[in-house]
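Next come the chains, spelled out residue by residue.
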Amino acid sequence: MLKFRPIIYFIAIIAALGGLLFGYDTGVISGAILFINKEFQLTSFDTSIVVSAVLVGATIGALIGGILADVIGRKNTIIISAMVFAIGALLTALALDMATLISGRIILGLAIGAASMTVPLYISEVSPPSIRGKLVSLNQLFVTVGILSSYIIDYFLSLDGLWRWMLGLAVVPAVILGVGMLFLPQSPRWLVKRGRAQEARQILRRLLNPAEAEAEIIDIEGNLRIQEKGWRELFERSMVHPLIIGIGLAILQQVTGINTIIYYSPTIFEMTGINLASTAIFASLSVGIVNVLMTVVAIMVIDKLGRRPLLLIGIAGMSLSLAVLGTAFAIEESGALLGWITVISLMFYIASFAISLGPIFWLMIAEIYPLPVRGRAMSMATIVNWGANLIVALTFLGLIDLFGKAGTFWCYSIISIGAWIFVFFLVPETKGRTLEQIERRWKIGTKS
Ligand code: BGC
């Protein structure tokens, strides 16, 4: 097993600030939009554009991020994303009209899309295999912390209607990310890919001990027979299985309904008939807190238990809780008991997501692709993920009109059963292996 130096934790934490911004900027709008609506007198159509512009931007950002990560490197792509995060935050905070606001949201989306793939990619490439799961999943932990802190900040700033501050505060982590990254090393694997093995060796020696650094370089170089590959090589025979895994998990992470809960939890809580004075705040906060805590649990066990058991246990829990949620709505006209069943199943759902598809989708797409095409392949999975996120966000309320609340949640529950079967048959265990060992697996075509 490779020994590593504590600096690796520092590197992962700085890079994971990209995740914090991803979470904050997607979460913050839910509180800010109430005031923006009033100030700009938005129609409900305008509102949905302001909210979903980020998702459109993120889909495009994931495409650009993939190309940049391969061409100018992972580190530089994260630095550029940090700058774009700061510009987007300032634009939205200072916007005097709808057009500026929407442009700012699209720009923020570009940064979110690029960072959402480049941060896990960068962390996975600097991590020793024995703690790679933990370090890459720090990014997802920061996403959940970002969402939770946006709820808390929204709450306090809403007392005085300070929506511009809600949006503008994101400049702070953006600056820390950009400046912090300047001091971090390039990804050694990207350097080897660019023929800069000597620099990679030096960096690996700072992260590992010298003998192990040497062994890693030989391994990376050995796997990298061809220097640069384009989009066409993505579709080689040996890539079929990893592509199916990445794209499949990308779609399944979204179509099992996570963001209907993240974006609409106050609405869902209200539907249960529980009459708390501050139902909406309670809803968002409790969902946010469970999401953070269970992601911590995932991080603690992911390199010991492995990815597959967590995925299988978590997705089973998601399907079960969605079925219960649907049933609770089917029985309807509630009473407190049914209301609480709903609340508990919602919490159970979030907890199950947080130990499975939440962190493990982003981790797996950073692990399973061969180095020559890693940036582009991750980019493809990420584009699909943001595209699916957009589709779910746009269709959720329509689905409820069409199938009713019960039908909609049952629908997500059945899709989750599909996700479980997908993982069971197609997703391999990657725990403890080097990225190069995982890579060789596709060429040999072995099962494990
Ligand atoms: C997903 C997001 C989601 C978040 C919630 C991420 O892994 O990609 O769509 O909002 O988890 O924690």
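Relevant structure appears above.
Keep in mind that what you see is a predicted model, and the values were worked out from it rather than measured. (Residues numbered from 1 in each chain as written. Predicted model: local features only at pLDDT ≥ 70, side-chain atom pairs only at ≥ 80, totals over all residues. Heavy atoms only, no water.)

Within the chain, the secondary structure is distributed over 19 helices and zero strands. Expected size for 448 residues packed as a compact globule is a radius of gyration near 22 Å; at 22 Å, the chain falls within 12% of this value. A principal-axis box enclosing the C-alpha atoms of the chain has dimensions of 65 × 45 × 40 Å. Of all 448 residues assigned to the chain, the portion counted as buried reaches 60%. Within the chain, residue pairs in contact and separated by at least 24 positions form 83% of the contacts whose partners lie at least 6 positions apart. (Helix = DSSP H or I, 4+ residues; strand = E, 2+ residues; numbered from the N terminus. Rg over C-alpha atoms; globule rule 2.2 N^0.38 Å. Buried < 20%, exposed > 50% of the residue type's maximum accessible area, 1.4 Å probe, protein only. Contact = heavy atoms within 4.5 Å.)

A word on the site of the ligand. Contacts to the ligand come from 13 residues, most closely from Gln 140, Gln 253, Gln 254, Asn 259 and Asn 291. Within the side chain of Gln 140, a nitrogen or oxygen atom sits 2.8 Å from an oxygen atom of the ligand. Within the side chain of Asn 259, a nitrogen or oxygen atom sits 2.6 Å from an oxygen atom of the ligand. In isolation the ligand offers 310 Å² of accessible surface; the protein chains occlude 99% of this area. Taken together, the elements giving at least two residues each to the shell around the ligand come down to α6 (132-158), α12 (240-255), α13 (258-271), α17 (357-367) and α18 (374-426). Top element by residues in the shell around the ligand is α6. It accounts for three residues. (Near = heavy atom within 4 Å. Polar contact = N/O pair within 3.5 Å; in protein donor to acceptor, adjacent residues only side chain to side chain. Areas by Shrake-Rupley, 256 points an atom, 1.4 Å probe, with all protein chains shown as cover.)

Our focus in this paragraph is the nonpolar core. Ile 36, Tyr 122, Met 181, Leu 249 and Phe 409 are the most contacted members of the largest nonpolar core, which totals 145 residues. It is α18 that provides the largest number of residues to this core, a total of 17 residues. (Core = buried A, V, L, I, M, F, W, Y, C linked by side-chain atoms within 4.5 Å.)

The next subject is the side chain of Lys 75. Along the chain, the position of Lys 75 falls in helix α4 (residues 74-94). A distance of 3.3 Å separates the side chain of Lys 75 from the backbone oxygen of Leu 182, its partner in a polar contact. When near neighbours in sequence (up to four residues on either side) are disregarded, Lys 75 contacts Tyr 122, Met 181, Leu 182, Leu 184, Pro 185 and Gln 186.

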